[in-house]
Amino acid sequence: MARPKEFEQDAALERAMNLFWEHGYEATSIRDLIAYVGISSSSIYNTFGDKQDVYRAALERYRRIEYEQVRQLLAQPRPLCETLAGMFAELIDSLMADGGQRGSFTLNAAVELGARDPIVAGLLREHFDDICALLAGRLAAAQANDEIGARSPALDLARYLLFGMYGLALIVKVFPDRGRLETTAALTLAVLDC
């Protein structure tokens with residue numbers, strides 16, 4: 001008979017994700033993971049695999065969380081420009097919560113591993129495409145209803161907005177200044193001509 005897991009797998013993965021998010025992939029050792037997550041090395045290896053596998057699983061978890069957050073925000077029955085302004089405001093609040101140190105897990109993954117790990121790069125491309133598809137669908141509907149004045153293709157606008165969001169997550173690490181982030185967000189949203 002199989003032994004039950006002595007830990008809750010989702011909670012362990014959440015803790016691993018937070019450790020990687022805080023310190024990055026390279027600066028996090030397998031010993032750090034074992035100590036922080038609070039499970040044995042055999043449990044880590046048997047459940048997730050090596051450090052690289054744990055990281056990829058953490059990235060997958062973050063992707064699911066971020067995708068669902070964006071999907072829910074875009075599904076709200078309010079004007080698109082108000083919705084997007086709220087998304088940018090929530091992003092800025094999140095980025096400023098720790099003085100800009102953590103940034104975005106997906107952006108951090110892109111900067112640290114995107115060029116060196118083809119699997120991580122593939123996961124990130126899929127994630128960015130998924131978020132762009134959500135944005136593009138809502139942008140196309142807003143264009144059809146004359147809710148926004150921007151007439152560029154919806155997918156191009158979605159990519160631009162995504163670039164703006166991740167740009168904030170990058171700039172906050174150098175300039176953790178709420179006013180600067182809010183000005184940049186407002187200029188990014190101005191392209192929609194609301």
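The structure contained in this document is the topic of the report that follows. (Residues numbered from 1 in each chain as written. Predicted model: local features only at pLDDT ≥ 70, side-chain atom pairs only at ≥ 80, totals over all residues. Heavy atoms only, no water.)

**A word on a nonpolar patch on the surface**
Right, on to step 1. A surface patch of nonpolar side chains, about 250 Å² in accessible area, is lined by Ile 171, Val 174 and Phe 175.
Right, on to step 2. Along the polypeptide, Val 174 turns up in the loop between helix H8 (154-171) and helix H9 (178-189). (Patch = residues over 30% accessible without salt bridge, like charges linked within 9 Å, V, L, I, M, F, W, Y side chains within 5 Å. Areas by Shrake-Rupley, 256 points an atom, 1.4 Å probe, with all protein chains shown as cover. Salt bridge = Lys/Arg side-chain N within 4 Å of Asp/Glu carboxyl O. Helix = DSSP H or I, 4+ residues; strand = E, 2+ residues; numbered from the N terminus.)

**Thoughts on the packing of aromatic side chains**
Right, on to step 1. Within the structure shown, the criterion is met by eight aromatic pairs.
Right, on to step 2. With a centroid separation of 5.3 Å and 40° between ring planes, the pair formed by Tyr 62 and Phe 105 is classed as tilted. Of the two residues, Tyr 62 sits in helix H4 (residues 51-74) while Phe 105 sits in helix H6 (residues 105-113), which places them 43 residues apart along the sequence.
Right, on to step 3. Judged by relative accessible area, Tyr 62 falls into the buried class, the value being 10%.
Right, on to step 4. A relative accessible area of 1% places Phe 105 in the buried class.
Right, on to step 5. The ring centre of Phe 175 lies 3.9 Å from the NZ or CZ of Arg 180, which sits over that ring. (Phe/Tyr/Trp six-rings, centres within 6.5 Å; stacked < 30°, edge-to-face > 60°. Buried < 20%, exposed > 50% of the residue type's maximum accessible area, 1.4 Å probe, protein only. Lys NZ or Arg CZ within 6 Å of the ring centre and 35° of its normal.)

**Here's the deal with the nonpolar core**
Right, on to step 1. Counting 35 residues, the largest nonpolar core has Leu 74, Leu 84, Leu 139, Ile 148 and Leu 192 as the members making the most contacts within it.
Right, on to step 2. Only H4, helix H5 (80-96), helix H7 (118-144), H8 and H9 provide two or more residues apiece to this core.
Right, on to step 3. Tallying contributions element by element places H8 first for this core, with nine residues.
Right, on to step 4. What Leu 84 contacts, discounting residues up to four positions off in sequence, is Leu 74, Leu 135, Leu 161, Leu 189 and Leu 192. (Core = buried A, V, L, I, M, F, W, Y, C linked by side-chain atoms within 4.5 Å. Contact = heavy atoms within 4.5 Å.)

**A short note on the side chain of Arg 56**
Right, on to step 1. As for its placement among the helices and strands, Arg 56 is situated in helix H4.
Right, on to step 2. The exposure class assigned to Arg 56 is buried, which follows from its relative accessible area of 15%.
Right, on to step 3. Aside from chain neighbours lying at most four places away, what touches Arg 56 is Asp 117, Ile 119, Val 120 and Leu 123.

**Describing unusual backbone geometry**
Right, on to step 1. In this model, Asp 146 sits at a positive phi of 55°, which is unusual for a non-glycine residue.
Right, on to step 2. Along the chain, Asp 146 turns up in the loop between H7 and H8.
Right, on to step 3. Relative accessible area serves as the criterion here: at 60%, Asp 146 is assigned to the exposed category.

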